[in-house]
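# Topology and contacts: notes
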Amino acid sequence: MTTATPVRGPAREKAVAPAGPRRWTRWWPAVVLLVLIAVPYSALPLPGLLDGPIGSAGSLQLLALCLVFGALATGYDLLLGRTGLLSFGHALYFAAGSYLTDIFMAEFGLPFVPSVLLGLLSGTALAALLGSVSLRVSGIAFSMVTLAFAQAGSLLVERDPGGVTGGEEGRAIPADKLPASLAGIGNTANLYWIALAYLVLTLVVVHWAVRSPTGRVWEGIKENERRVEVLGLRPYGFKLTAFVLAGALAAAGGVVHLLLTGGATPQTTTSDFTLSLLVMVVLGGSGSRWGPLIGGVVYTWADQRLGDLAGSGTVAGLPSVLRVPLSQPLFLLGTLFVVVVYVLPGGVVRLPERLRTARVRTARAPAA
Amino acid sequence: MATVVLLAVTGLGLGALYFLVASGLSLIFGLMDVLNFAHGALLSIGAYGSWWAASGHLPGAGSSGAGFVLAVAFGTAVGTLAAVLLELVLIRPLYERPREQVLATVGVGLAVPALLSAIWGSDARTFPGPHALSGTFGLLGARIPVNRLVLVGAALVVLVALRLFLGRTRHGLVVRAGVEDRAMVTALGIDVRRAFTLVFAIGGAAAALGGALGGLYYGSVDPGQGTSLLIFAFVVVVMGGMGSVAGAALAAVGVGLVQQFANYYTASGLGDLAVVVLLAVLLLLRPSGLTGRLA
């Protein structure tokens, strides 16, 4: 797809000409990071956006969820936007991370840290195994194979073999295995920082990977796989690298999600979960540095908050034509997604650029 | 013996349901290269349309006799209309951008079930079927629910109608030629876009009919029904070969039977798992499907 590539444009321009005050504006991610680190100490109320002050446990939980899904979408974009692989099975590796870590703790009685490491390792190994099989086919067939594997995983979790997955109930995290600093509502701030750390890790890894020589080949594969082959490179290995890296990041996200929500739920194994990742990435802007993050944060926030808003007095008083659709976040998000696919190819991140070109065009029009 | 007969007929009924969803999906993908993720939503629209009409909201329609036929016809018509609208409003402006088309259908596939559960609630609603279809009849010692036969009958009618349409009419010829080689058909000066809308209408009608009769089969309708059927329809489409109606029919019967027998004779749920794994294995061994092609 060529629609997503021009996103790199402005970033490069900025790097070439850092004249005057613009040099300082380049550091805005660091400022945002400092603000995000300081959030748990703040009692600033954000009425409408959040329920209660920003540093309260409930708000921190929601913010941390937003960060986790932002990171997860960024990792997923490694496949979709960077390598051009449309995987419908990403939920599997996320769920593997959270379920396996929980199972290692509760069923095998392992301590916390080895369980997390083993969960990550086995999630990554699963991605390597299934990726090496799925990537033997390409195009829609690849999407279907990944979908089939993920669906098999989802059915397996629902089947609850030997009472290991907990079926529809999911699994609760064994509280006695958790370090004291991560258990209980009082320690939500620590979990929030873990989520933030996961986000930073994902952003750094993706940024570094995309800039590496392997990342250049990914870009080539996305644009024209045949050409990469003609250059004497085997796309299979490069695609598998992207798949395993994205799978490992997803497994890590699964672990963070497990800690944050206190359990593993079967909803994270479904194909709907992968589809929501797809929506996040495309909403924000596939193939861009910040797009998937923005998409993930906005989607998660909307999914959680719109439901609450629907129950509140402001929406309940509306006539039913407005109230009924507003009560379903997924309806709004699905519609918004279609609109973005339509009028904003490249996602929300391209909005400023588009507005700028539109303004330039209207400014030039009377002069011409 | 009685169990085997019951399982076989139930499997056939399920296969008929899969065929109704998969036939349209297969034609749409074969002709347009669009994997229609909104196909489950079309099925749900048909199911809810029939349920709404059969619950006495539509004058003349009801839960028995001619009223029920009218209700099913109403649901099918609403589903067809939704499919045509989907094609004209959302798919058409995105021609030549297949990935965006798939994304748009994903959005619709998420939004429509959400809208349905916003209007009628996310819980399953009892589907009011006619009394004559809720009973059972005896066959080789087994008591078989009548609605299985209705599904099989409807699927057979759709299969024959589709074969006749594709084989005997000019529009069918254009669709078949388009599945084979779309660029060539366009080069011959035939407006293949009209065939796109037609295929969407046919697929939507079949899926909506499947939804209406699926309500009979399951005894209830819920917003997630279409989406959960969609995955198995994908299996059928891939097994049957993209764009092949006869292949879809054969694969639907196979998948339905395998699922029923495996679910009964091994652990419950293992049949579903077997079918999904079968999809992966099949794609890996023969990326082109059993009879047709895959992009």
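Just so it is clear, the model here is predicted, and its values are computed rather than measured.

Calculation criteria
- Residues numbered from 1 in each chain as written.
- Chains lettered and ligands numbered in written order.
- Predicted model: local features only at pLDDT ≥ 70, side-chain atom pairs only at ≥ 80, totals over all residues.
- Helix = DSSP H or I, 4+ residues; strand = E, 2+ residues; numbered from the N terminus.
- Buried ≥ 20, exposed ≤ 12 C-beta atoms within 10 Å, placed from the backbone.
- Contact = placed C-beta atoms within 7 Å.
- UniProt positions renumbered as here; feature names shortened; annotations may be inferred.
- Axes fitted to C-alpha atoms, helices over the stretch in contact; angles between N-to-C directions.
- Parallel < 35°, antiparallel > 145°, perpendicular 65-115°, else oblique.
- Left-handed = near helix turned anticlockwise from the far one by under 90°.
- Nonpolar A, V, L, I, M, F, W, Y, C, P; charged D, E, K, R; others polar.
- Core = buried A, V, L, I, M, F, W, Y, C linked by C-beta atoms within 7 Å.
- Expected span 1.5 Å × (residues − 1).
- Pairing = 2+ DSSP bridges.
- pLDDT = per-residue confidence, 0-100.

### Details of the overall build of chain B
The helix and strand inventory of chain B stands at twelve helices and four strands. Structurally, chain B occupies a C-alpha span of about 55 × 45 × 35 Å along its principal axes. Expressed as a percentage of the 295 residues in chain B, the buried residues total 57%. Long-range pairs, those at least 24 residues apart, make up 76% of the contacts in chain B with a sequence separation of at least 6.

### Observations regarding the overall build of chain A
Check the secondary structure of chain A and you find 17 helices and two strands. For chain A, the proportion of contacts with a sequence separation of at least 24, taken over those separated by at least 6, is 75%.

### Focus: the UniProt feature "transmembrane region" (unreviewed entry) in chain A
All names here are of chain A. As recorded in UniProt, the feature "transmembrane region" (unreviewed entry) lies at residues 27–46, 58–79, 91–113, 125–150, 191–210, 240–261, 273–291 and 330–351. For residues 91–113, the end-to-end C-alpha separation is 23 Å, with 78% helix and 0% strand making up the annotated structure. This span, residues 273–291, is 68% helix and 0% strand, and a straight line between its end C-alpha atoms measures 19 Å.

### A look at the interface of chain B and chain A
In this complex, chain B contributes 31 residues to the contact, which on the side of chain A involves 35 residues. Secondary-structure elements contributing two or more residues to the side of chain B that touches chain A are α4 (98–120), α10 (225–240) and α12 (270–285) of chain B. Counting residues per element, the side of chain B that touches chain A draws most heavily on α4(B), at 14 residues.

### Observations concerning the packing of helix α5 (residues 90–106) of chain A against helix α11 (residues 235–261) of chain A
Residue and element names in this part refer to chain A. Across the interface, α5 lies against α11 with an axial gap of 7 Å and an inter-helix angle of 50°. Here α11 runs oblique to α5, going by the angle between their axes. Read as a crossing pair, α5 and α11 show a hand that is right-handed. Residues His-90, Tyr-93, Phe-94, Ala-95, Ala-96, Gly-97, Ser-98, Thr-101 and Asp-102 of α5 form the contact with α11, whose participating residues are Gly-247, Ala-250, Ala-251, Ala-252, Gly-253, Gly-254, Val-255, His-257 and Leu-258. Residue composition of the contact of α5 with α11, by class: nine nonpolar, eight polar and one charged.

### A word on the nonpolar core
With 207 residues, the main nonpolar core has A:Val68, A:Ala195, B:Tyr18, B:Ala233, B:Val235 and B:Val236 as its most contacted residues. Here this core gets 17 residues from one element, more than from any other, and that element is helix α1 (residues 2–32) of chain B. Look past the residues within four positions of B:Tyr18 in its chain and what remains in contact with it is B:Phe232, B:Ala233, B:Val236, B:Ala252, B:Val255 and B:Gly256.

### Details of the UniProt feature "transmembrane region" (unreviewed entry) in chain B
UniProt's entry tags residues 6–27, 34–54, 66–90, 102–120, 149–166, 195–218, 230–257 and 264–285 of chain B with the feature "transmembrane region" (unreviewed entry), counted in the numbering of this structure. End-to-end, the C-alpha atoms of residues 149–166 of chain B are 25 Å apart, and along that stretch the chain is 100% helix and 0% strand.

### Side note on α12(B)
The terminal C-alpha atoms of α12(B) lie 22 Å apart, and with 16 residues this matches the ideal 22 Å at 1.5 Å per residue to within 8%. Listed as buried for α12(B) are B:Gly271, B:Asp272, B:Leu273, B:Val275, B:Val276, B:Leu279, B:Ala280, B:Leu282 and B:Leu283. In this structure, the buried residues of α12(B) make contact with α7 (140–159) of chain A together with α10 and α11 (245–265) of chain B.

### Things to note about the pairing of strand β3 (residues 142–145) of chain B
Residue and element names in this part refer to chain B. With four bridges connecting them, strand β2 (residues 136–139) and β3 associate as antiparallel partners. When the sheet's bridge partners are listed, Phe-137 is paired in β3 with Ile-144. The turn joining β2 and β3, which pair antiparallel and follow one another in sequence, is formed by two residues; a positive phi near 50° is taken by Leu-140.

### Some remarks on the environment of B:Leu250
Here B:Leu250 shows up in helix α11. Sequence separation of B:Leu250 and B:Gly15 is 235 residues, and the distance between their C-alpha atoms is 8.9 Å.

### What to know about the environment of B:Ala2
All names here are of chain B. Mapping Ala-2 onto the fold places it in helix α1. Separated by 127 residues in sequence, Ala-2 and Gly-129 have C-alpha atoms that sit 26 Å apart. Not counting the four nearest positions on each side in its chain, Ala-2 is found in contact with Gly-141 and Ala-142.

### A closer look at the packing of helix α3 (residues 65–91) of chain B against α4(B)
Residue and element names in this part refer to chain B. Where α3 meets α4, the closest approach of the two axes is 11 Å, and the angle between their N-to-C directions is 130°. Put simply, α3 runs oblique to α4. For the pair α3 and α4, the crossing hand works out as right-handed. The segment α3 lies against α4, with Leu-86, Leu-90 and Ile-91 engaging Gln-101, Ala-104 and Val-108. Split by residue class, the contact of α3 with α4 holds five nonpolar, one polar and no charged.

### Looking at helix α16 (residues 329–343) of chain A
Each full turn of the α-helix corresponds to 3.6 residues, which orients residues three or four apart in the same direction. Compared with the 21 Å implied by 1.5 Å per residue over 15 residues, the 21 Å span of α16(A) between its first and last C-alpha is a close match. By the burial criterion, the buried members of α16(A) are A:Pro329, A:Leu330, A:Phe331, A:Leu332, A:Leu333, A:Gly334, A:Phe337, A:Val338, A:Val340 and A:Val341.

### Some remarks on the confidence of the model for chain A
Across chain A, the average pLDDT comes to 82, with 88% of residues at or above 70. Per-residue pLDDT, averaged within each element of chain A, yields its smallest value for helix α1 (residues 8–16) of chain A (45) and its largest for α11(A) (92).

### Here's the deal with the environment of B:Gly79
Residue and element names in this part refer to chain B. Structurally, the position occupied by Gly-79 is in helix α3. Sequence spacing of Gly-79 and Tyr-48 is 31 residues, and the spatial spacing of their C-alpha atoms is 9.5 Å. Apart from residues lying up to four places away in sequence, Gly-79 is in contact with Leu-42, Ile-45, Gly-46, Gly-49, Gly-204, Ala-205, Ala-207, Ala-208 and Gly-211.

### Overview of the confidence of the model for chain B
Residue and element names in this part refer to chain B. With 94% of its residues at a pLDDT of 70 or more, chain B shows a mean pLDDT of 81. Within chain B, α3 carries the highest mean pLDDT (86), whereas helix α5 (residues 131–134) carries the lowest (68). A low-confidence stretch, residues 291–295 stays under pLDDT 50, and its non-local contacts, those more than four residues away or across chains, total 21 contacts. The complex prediction reports pTM at 0.83, with the ipTM value standing at 0.79.

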